[in-house]
Amino acid sequence: MANLLSKPIHSFVVGDNQSQNRVVFLHGLFGRGKNFTRIAKGLTPEAQSLMVDLPNHGESGWTKDFVYEQMADLVADHLLNDFASSLPVDVVGHSMGGKVAMILALRHPDLVRRLVVIDMSPVSTKSAGSEFEHLLSSLTSLDLTEVGSRLDAHKNLSSKIPNEGVRGFLLQNLKRNENGFEWEPNLQLLHSQLDTIMDFPEINQSAFIGPVLWVGGERSNYITDADEPAMRALFPLAERLTVAGAGHWVHSEKPAEVIAALRAFLLDEQA
């Protein structure tokens, strides 16, 4: 499936290759693998982690369309080539990456030992995703010919995206080129196919019967009680955990709590 990408998936490793546990991290929309670096370091030395830039994000290649099943299969191929070539791995996915992680586990169950889904459900999230329409619209409206520095980009977006932390998260994706700046992710595709990103595909695979930790933020609406039947139909062993005081970006808002939860679930430590 490599020919579906303009260039291969990019990833890097955190931790020692002698570690007994292997963990794969899949980021959310407009993120990149390094967003989970702090969490991955919190799992060392017991775990070695693979930080993946999903297709159309970071340094990974682009696709012509956004298709969750295709993304999951591309990630599976990437894992089988090296990181998961000899044993199943644990997979942690947040938001959009949580959807990819769920579909990966359903389509390639032999690859996944344990699954962690952070602040996402296997249902359409269009009603909760209006913020992303605003954010991506704001980015596409930015005239990069007028951007001479990242500070310029911050100033130009400050009225549309007043939260400095959110602006910083999004502007990590600006890349310098010989003429100025460009977006490293496939912004046009991600914006034009946002409805698909916020949806969840119809799944024909059997349920994943491995252990699953389903982590939500207390102040987020991406996981609701109404999502329970859909989640348990696909992941019957799912354990639900809510992180107090956290919004949608649970791992960046409450890193210590997320590290503790992952260590307990993935490394069999006492919580």
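Described below are features of the structure shown in this document. What you see is a predicted model; the values in this text were computed from it and never measured.

1. Description of the overall build of the protein
From N to C terminus, the protein includes 11 helices and 9 strands. In summary, the protein has a C-alpha radius of gyration of 18 Å against a globular reference of 18 Å for 271 residues, a match within 12%. For the protein, the spread of C-alpha atoms along the three principal axes comes to 50 × 40 × 35 Å. Expressed as a percentage of its 271 residues, the buried residues of the protein come to 55%. Long-range contacts, defined here as pairs at least 24 residues apart, represent 77% of the contacts in the protein between residues at least 6 apart.

2. Notes on the pattern of salt bridges
One pass over the structure, following the stated rule, counts 9 salt bridges. Here Arg32 makes a salt bridge to Glu184, at a shortest N to O gap of 2.8 Å. Of this pair, Arg32 sits in the loop between β2 (21–26) and α1 (37–41) while Glu184 sits in the loop between β7 (180–183) and α7 (187–192), and the two are 152 residues apart along the sequence. For the pair shown, Arg32 and Glu184 are each scored as buried. Connected via shared salt-bridge partners are Asp225, Glu228, Arg232 and Arg240.

3. Observations concerning unusual backbone geometry
Omega for the peptide link from Thr44 to Pro45 comes to 0°, which places this bond in the cis form. Its identity as a non-glycine residue notwithstanding, Ser95 has a phi of 55°, on the positive side. When you line up the elements, Ser95 lands in the loop between β4 (89–94) and α3 (96–107).

4. Focus on the nonpolar core
Core analysis: the biggest nonpolar cluster contains 66 residues, and Leu29, Leu115 and Phe235 have the highest contact counts within it. The element contributing the most residues to this core is α3, with 8 residues. For Phe235, the residues in contact, after removing those within four places along its chain, are Met102, Ala105, Leu106, Leu115, Phe208 and Val212. Membership of the second largest hydrophobic core comes to 24 residues, among which are Ala246, Val250, Ile259 and Phe265.

5. Overview of the side chain of His27
With respect to the secondary-structure elements, His27 resides in the loop between β2 and α1. Within the structure, His27 has its side chain in polar contact with the backbone oxygen of Gly31 (distance 3.5 Å). Those residues within four positions of His27 in sequence are excluded, and the remaining contacts are Arg32, Gly33, Phe36, Val52, Asp53, Leu54, His57, His94, Met96 and Gly97.

6. Remarks on the packing of helix α2 (residues 68–81) against α3
In the contact formed by α2 and α3, the axes pass within 9 Å of each other and the chain directions differ by 70°. For the element pair α2 / α3, the angle class is roughly perpendicular. On α3, the residues touching Tyr68, Glu69, Met71, Ala72, Asp73, Val75, Ala76 and Leu79 of α2 are Met96, Lys99, Val100, Ile103, Leu104 and Arg107. Along the lines of polarity and charge, the residues of the contact of α2 with α3 split into 10 nonpolar, no polar and 4 charged.

7. A look at empty space enclosed by the protein
Considering all chains together, one arrives at 1 cavity of 30 Å³ or more under this definition. Put simply, the largest cavity is a space of about 40 Å³. What lines the largest cavity is Leu29, Ser95, Met96, Lys99, Met120, Thr125, Phe132, Ile197 and Met198. When residues of the lining of the largest cavity are traced back to their parent elements, those giving at least two are α3 and α8 (194–198). When its residues are assigned to classes, the lining of the largest cavity shows 6 nonpolar, 2 polar and 1 charged.

8. A few points about α3
Look at α3: 17 Å from first C-alpha to last across 12 residues, which is about the 16 Å you get at 1.5 Å a residue. Most of α3 sits inside the fold, with 11 of its 12 residues counted as buried. Those residues of α3 that sit buried are Met96, Gly97, Gly98, Lys99, Val100, Ala101, Met102, Ile103, Leu104, Ala105 and Leu106.

The rules behind these values
- Residues numbered from 1 in each chain as written.
- Predicted model: local features only at pLDDT ≥ 70, side-chain atom pairs only at ≥ 80, totals over all residues.
- Heavy atoms only, no water.
- Helix = DSSP H or I, 4+ residues; strand = E, 2+ residues; numbered from the N terminus.
- Rg over C-alpha atoms; globule rule 2.2 N^0.38 Å.
- Buried < 20%, exposed > 50% of the residue type's maximum accessible area, 1.4 Å probe, protein only.
- Contact = heavy atoms within 4.5 Å.
- Salt bridge = Lys/Arg side-chain N within 4 Å of Asp/Glu carboxyl O.
- Core = buried A, V, L, I, M, F, W, Y, C linked by side-chain atoms within 4.5 Å.
- Polar contact = N/O pair within 3.5 Å; in protein donor to acceptor, adjacent residues only side chain to side chain.
- Axes fitted to C-alpha atoms, helices over the stretch in contact; angles between N-to-C directions.
- Parallel < 35°, antiparallel > 145°, perpendicular 65-115°, else oblique.
- Nonpolar A, V, L, I, M, F, W, Y, C, P; charged D, E, K, R; others polar.
- 1 Å grid on protein atoms, 1.4 Å probe; cavity = no way out; pocket = protein on both sides within 12 Å on 5 of 7 lines; lining within 4 Å.
- Points joined across faces, edges and corners; volume = space filled by probe spheres on them.
- Expected span 1.5 Å × (residues − 1).

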